[in-house]
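Take a look at the letters that make up each chain.
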Amino acid sequence: MNSKKETKTIPVIYLQGAACSGCVTSTLCSTYPSIRNILLQEIVPGVKLEFIFHPNIMTASGNLAMDVLEKAARDKNYVLIIDGAIPTGENGIFCTTGEKNGKKSTILEEVLSLAPGAIMSIAFGSCASYGGIAGALPNVTDSLSVDDIFLSNQIKTPLVNIPGCPPHPDWLFGTIGEILTNGLENLKLDELKRPLTYYGKLIHENCPRRAWFDEGKFARKFGDEGCLYELGCKGPVTYSDCPVRLWNGKTNWCIGSGAPCGGCTQPEYPDYVGDFYYKIIDVEVPSSQRKEKSKIHDLGR
Ligand code: SF4
Ligand code: SF4
């Protein structure tokens, strides 16, 4: 008797809005698990993802590819991942997914058509989650986040934001694994719809340079020893697990390589976290560190 359990397959549609392809490049570089594992094997025991539409890796193009979206909208019950912001100016013509019956189909039209029938949706990357670079001022394309599009069109499909510029591949595939293991209803999110597993702590809390911050020892130029706060680090206001997860197969990360955190997982990015290399934020220092607080303010430019 064959006791092997059948594998359940979940269809996934990956749409790209106004974006630079950094987010998708990040996912395709996933190391643990590898993208090969994700595409070909079970992501959790008994469940496999099937990317039925993915602009970067599918072999189909033209009508063959666009027909998949039309069929999916009829059949429903897929996971919808959206990377990139959604241009709404000029009826969304600034970003198209393809053509249907000789007419350009915009990402706005595709999201409005596909989101209501999805089991759940994921806004992947800072542009999809909060507008990001695509929605930065002066935002001539009137690009909006997926959440804004959902709200203004009364789309009730559950939405999880996975911001980052780009986001870490673990944040996407780990979140999907967590949902498949524990259920969407048990996924803990913060008030910005980010999974707490990955965005639950400030970078500043886990930063290996934190002891220097507490001592008031600040780097004055790149390459110096010390905390990077004076060089524009946004770690004190940025939530993500970059310091412990690391990037590129656990090789390194922004602050590890001597660059300040740019605050890329925050909704204020890029317009309101400020210029990358300027200290523009006042940092709340824990009450036991009041002495250091005045020291930090004295160091202002
Ligand atoms: S300010 Fe930046 S470099 Fe300094 S301790 Fe905080 S996160 Fe680390
Ligand atoms: S360290 Fe900061 S800028 Fe770098 S990836 Fe993490 S959140 Fe983004």
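Residues numbered from 1 in each chain as written. Chains lettered and ligands numbered in written order. Predicted model: local features only at pLDDT ≥ 70, side-chain atom pairs only at ≥ 80, totals over all residues.

Caption draft 1: Quick look at the site of ligand 1. Around ligand 1 lies a shell of 14 residues, among which Cys207, Cys227, Tyr229, Cys233 and Gly235 are the nearest. Contributions of two or more residues to the shell around ligand 1 are made by helix 9 (203–206) and helix 10 (210–215). (Near = placed C-beta within 6 Å. Helix = DSSP H or I, 4+ residues; strand = E, 2+ residues; numbered from the N terminus.)

Caption draft 2: A look at the domain arrangement of the protein chain. Domain annotation of the protein chain identifies domain 1 (8–197) and domain 2 (203–298). A C-alpha centroid distance of 30 Å is found between domain 1 and domain 2. Taken residue by residue, the interface counts 13 residues in domain 1 and 10 residues in domain 2. Among the residues making up the side of domain 1 that touches domain 2, the classes are represented as 7 nonpolar, 5 polar and 1 charged. (Domains from an automatic or database assignment. Contact = placed C-beta atoms within 7 Å. Nonpolar A, V, L, I, M, F, W, Y, C, P; charged D, E, K, R; others polar.)

Caption draft 3: The arrangement of the environment of glycine 22 in detail. Tracing the backbone shows glycine 22 in helix 1 (residues 22–28). Assessed through the 17 C-beta atoms surrounding it within 10 Å, glycine 22 is described here as partly exposed. Residues glycine 22 and serine 34 lie 12 residues apart in sequence; the distance between their C-alpha atoms is 17 Å. Discounting residues that sit within four places of it in the chain, glycine 22 has contacts with Cys165 and Pro166. (Buried ≥ 20, exposed ≤ 12 C-beta atoms within 10 Å, placed from the backbone.)

Caption draft 4: Spatial organisation of helix 7 (residues 169–182). With 14 residues, helix 7 extends 20 Å from end C-alpha to end C-alpha; this agrees with the ideal 20 Å at 1.5 Å per step. By the burial criterion, the buried members of helix 7 are Pro169, Asp170, Trp171, Leu172, Thr175, Ile176 and Ile179. Contact partners of the buried residues in helix 7: helix 1, strand 2 (42–44), strand 8 (120–124), strand 10 (159–162), helix 8 (196–199) and helix 11 (242–245). Positive backbone phi, approximately 95°, marks glycine 183, located one or two places after helix 7. (Expected span 1.5 Å × (residues − 1).)

Caption draft 5: How the structure looks around unusual backbone geometry. In this structure, proline 33 follows tyrosine 32 across a cis peptide bond, with omega equal to 5°. With respect to the helices and strands, proline 33 occurs in the loop between helix 1 and helix 2 (35–40). Here the amide bond leading from leucine 137 into proline 138 is cis, since omega sits at 10°, within 30 degrees of zero. Note that proline 138 resides in the loop between helix 5 (126–130) and strand 9 (143–144). Non-glycine residue aspartate 142 carries a positive phi angle of around 50°. Structurally, the position occupied by aspartate 142 is in the loop between helix 5 and strand 9.

Caption draft 6: Inspection of the site of ligand 2 at higher detail. Taken together, the residues surrounding ligand 2 are Gly164, Ile203, Thr238, Ser240, Cys242, Trp253, Cys254, Ile255, Cys261, Gly262, Cys264 and Thr265. Within the shell around ligand 2, the residues separate by chemical class into 7 nonpolar, 5 polar and no charged.

Caption draft 7: The sheet that holds strand 2, seen in detail. Here 6 strands make up an open sheet; going across it, the order is 2-3-1-4-8-10 and the pairing mixed. Among the strands making up the open sheet, the edge pair consists of strand 2 and strand 10. For this sheet, the mean angle separating the axes of adjacent strands, direction not counted, is 30°. Bridging between strand 8 and strand 10 involves 4 bridges; their strand directions are parallel. Directly across from serine 121, in strand 10, lies its bridge partner leucine 159. On the sheet, helix 4 (residues 107–114) packs against strand 1 (8–16) and strand 4 (79–83) and is oriented at approximately 150° with respect to strand 1. Packing against the sheet, helix 7 makes contact with strand 2, strand 3 (47–53), strand 8 and strand 10, and its axis sits at approximately 70° to strand 2. (Pairing = 2+ DSSP bridges. Axes fitted to C-alpha atoms, helices over the stretch in contact; angles between N-to-C directions.)

Caption draft 8: Highlighting the nonpolar core. Counting 48 residues, the largest nonpolar core has Ile82, Val111, Phe124 and Val146 as its most contacted members. If we ignore the near neighbours within four places in the chain, the residues touching valine 111 are Leu15, Ile82, Ile86, Val146 and Ile149. (Core = buried A, V, L, I, M, F, W, Y, C linked by C-beta atoms within 7 Å.)

Caption draft 9: Inspection of the pairing of strand 7 (residues 103–106) at higher detail. In this structure, strand 6 (residues 96–100) lies alongside strand 7, joined through 4 bridges in antiparallel fashion. Opposite threonine 96, over in strand 7, you have threonine 106 as the bridge partner. Here strand 6 folds back onto strand 7, and the loop between the two strands holds 2 residues, one of which, asparagine 101, carries a positive phi near 50°.

Caption draft 10: Just the packing of helix 3 (residues 62–75) against helix 4, in detail. Axis separation between helix 3 and helix 4 bottoms out at 9 Å; the angle between their running directions is 30°. Overall, the two elements helix 3 and helix 4 adopt an arrangement that is roughly parallel. The segment helix 3 lies against helix 4, with Leu69, Ala72 and Ala73 engaging Glu110, Ser113 and Leu114. Of the residues that constitute the contact of helix 3 with helix 4, the class distribution is 4 nonpolar, 1 polar and 1 charged. (Parallel < 35°, antiparallel > 145°, perpendicular 65-115°, else oblique.)

Caption draft 11: Spotlight on the pairing of strand 1. With 6 bridges joining them, strand 1 and strand 3 adopt parallel strand pairing. Residue pairing in the sheet places valine 12 in a bridge with phenylalanine 51 of strand 3. Of the strand pairs in this sheet, strand 1 and strand 4 are connected by 5 bridges, and their pairing is parallel. Bridged to isoleucine 13 within strand 4 is leucine 80.

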